[in-house]
Amino acid sequence: AAEDRERAARDREEAARDRKLLMAEIERSHMDERTGAYGRHIGEVLLRHEIERTQGTGGRLALGVVTIEETARAAEGDGSPAREALARDLFFALQAKIRPYDPIVRWDESEFTCAASALTEEEASRSLGDACSGAAERHVGALASVGVAGLREDDTLDSLIERARAAR
């Protein structure tokens, strides 16, 4: 009986290690490998959750849409490496300007969407704009624009993104 208990304890420890490794792999599979941002599919879930949470608590939420414009090098034909380097730097700059738990999503090749909780539109616009400026300064000919929309009571993710894009 003692041997069975020891074997069962080892099995539980192995299962816990396997579960931990699998959870890390699942999380990694939902990340954009090139930047570290959330991928679009899981990102949409996280952003919708933030909207529902904020609407339920009556708090503030600003949604930013950051677009990478063509770089001078992209116009010369070397766009992919230059765009990806800018995207990576932009992700890190955005991450430094908002709370660690606010999601940043790689929406597509040239766009990030991020939620900034407890910030007004103006505060989020200033922070995200600073991040864009800082990242673009490190890349010759790079431009990144930002549009921000504050959450309204009747907003959905789609309506919020639409208003943020219109604000660029």
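Here the structure is a predicted model, which means the values were calculated and not measured. (Residues numbered from 1 in each chain as written. Predicted model: local features only at pLDDT ≥ 70, side-chain atom pairs only at ≥ 80, totals over all residues. Heavy atoms only, no water.)

## So, the overall build of the protein chain
Which entries qualify depends on this criterion: Numbered from the N terminus, helices here are DSSP runs of H or I no shorter than four residues, and strands are runs of E no shorter than two. Radius of gyration here is computed from C-alpha atoms only, and the compact-globule reference equals 2.2 Å multiplied by the residue count raised to the power 0.38. Throughout this description, buried means an accessible area under 20% of the type-specific maximum (1.4 Å probe, protein chains only), exposed means over 50%, and partly exposed covers the range between. Under the convention used here, a 1.4 Å probe and the Shrake-Rupley method define accessible areas, while residue burial counts only the protein chains that appear. Under this rule, positive means Lys or Arg and negative means Asp or Glu; His and the chain ends count for nothing. Just so you know, the charge point we use is NZ for Lys, CZ for Arg, CG for Asp and CD for Glu.
Within the protein chain, the secondary structure is distributed over six helices and four strands. The linear arrangement of helices and strands in the protein chain, starting from the amino end, is α-α-β-α-α-β-β-α-β-α. In terms of overall size, the protein chain is more extended than a compact globule, its C-alpha atoms giving a radius of gyration of 20 Å where 168 residues would be expected to give roughly 15 Å. With the C-alpha coordinates of the protein chain rotated into their principal frame, the extents come out at 70 × 45 × 25 Å. Buried positions account for 38% of the 168 residues belonging to the protein chain. Element-wise, carbon and sulfur atoms account for 50% of the exposed surface of the protein chain, whose accessible area totals about 9900 Å². Here the protein chain carries 25 positive and 34 negative side-chain charges, and the mean point of each set is 3 Å from the other.

## A word on the sheet that holds strand β4 (residues 144-150)
Condition: Following DSSP output, two strands are said to pair if at least two bridges run between them. In this analysis an axis means a line fitted to C-alpha atoms, helices contributing only their contacting stretch, and an angle means the value between N-to-C directions, from 0 to 180 degrees. What makes two residues a contact is simply this: any of their non-hydrogen atoms within 4.5 Å.
Read across the open sheet, the four strands follow the order β2-β3-β1-β4; overall the sheet is antiparallel. Looking along the sheet, the strands with just one partner apiece sit at the ends: β2 (104-108) and β4. Pairwise comparison of adjacent strand axes, ignoring direction, gives a mean angle of 20 degrees for this sheet. Relative to strand β3 (residues 111-117), β2 runs antiparallel, the two sharing four bridges. Pairing of Asp108 across the sheet is with Glu111, part of β3. In the packing of helix α5 (residues 121-137) onto the sheet, contacts are made with β1 (61-68), β3 and β4, and the angle to β4 comes to roughly 165 degrees.

## Quick notes on the nonpolar core
Which entries qualify depends on this criterion: In these notes, a set of buried Ala, Val, Leu, Ile, Met, Phe, Trp, Tyr and Cys residues joined through side-chain atoms within 4.5 Å is what counts as a nonpolar core.
Residues Val66, Leu90, Leu94, Ile104, Phe112 and Leu128 are the most contacted members of the largest nonpolar core, which totals 25 residues. Put simply, the parts of the chain that give this core at least two residues each are β1, α4 (79-97), β3, α5 and β4.

## Quick look at the layout of surface pockets
Note the cut-off: Points on a 1 Å grid over protein atoms alone make up a cavity when a 1.4 Å probe fits among them but cannot get out, and a pocket when they form an open set with protein on both sides within 12 Å along at least five of seven lines; lining residues each have an atom within 4 Å of a point. Grid points are joined across faces, edges and corners, and a volume is the space filled by probe spheres set on the points. Throughout this entry, Asp, Glu, Lys and Arg are counted as charged residues, while Ala, Val, Leu, Ile, Met, Phe, Trp, Tyr, Cys and Pro are counted as nonpolar. The remaining residues, Gly among them, count as polar.
Considered as a void within the structure, the largest pocket measures approximately 200 Å³ in volume. In this structure, the largest pocket is lined by 16 residues; those nearest its centre are Tyr38, Pro100, Asp102, Pro103 and Ile104. Counting only elements with at least two residues in the lining of the largest pocket, the list comes to α2 (40-57) and α4. Residue composition of the lining of the largest pocket, grouped by class: 10 nonpolar, three polar and three charged. Quantified by volume, the second largest pocket comes out at close to 170 Å³. The wall of the second largest pocket is formed by 14 residues, among which Thr54, Gly59, Leu151, Arg152 and Glu153 lie closest to the centre.

## Focus: the confidence of the model for the protein chain
Where we set the bar: On a range of 0 to 100, pLDDT expresses the predictor's confidence in each residue.
Looking at the protein chain as a whole, its pLDDT mean stands at 89, while 93% of the residues score no less than 70. Of all secondary-structure elements in the protein chain, the lowest mean pLDDT belongs to helix α3 (residues 72-75), at 50, while helix α6 (residues 157-166) reaches the highest, 97. The model gives residues 74-79 a pLDDT under 50, and that stretch makes three contacts with residues more than four places away or in other chains.

## What about the pairing of β3?
Of all the seven residues making up β3, seven are buried; the element is thus mostly covered by neighbouring parts of the structure. Side chains Glu111, Thr113, Ala115 and Ser117 of β3 all project onto a buried face; the interleaved residues Phe112, Cys114 and Ala116 project onto the opposite face, where all are buried too. Relative to β3, β1 is paired through seven bridges, and the arrangement is antiparallel. Each bridged residue has a counterpart across the sheet, and for Val65 the counterpart in β3 is Thr113. Linking two consecutive strands that pair antiparallel, namely β2 and β3, is a turn of two residues.

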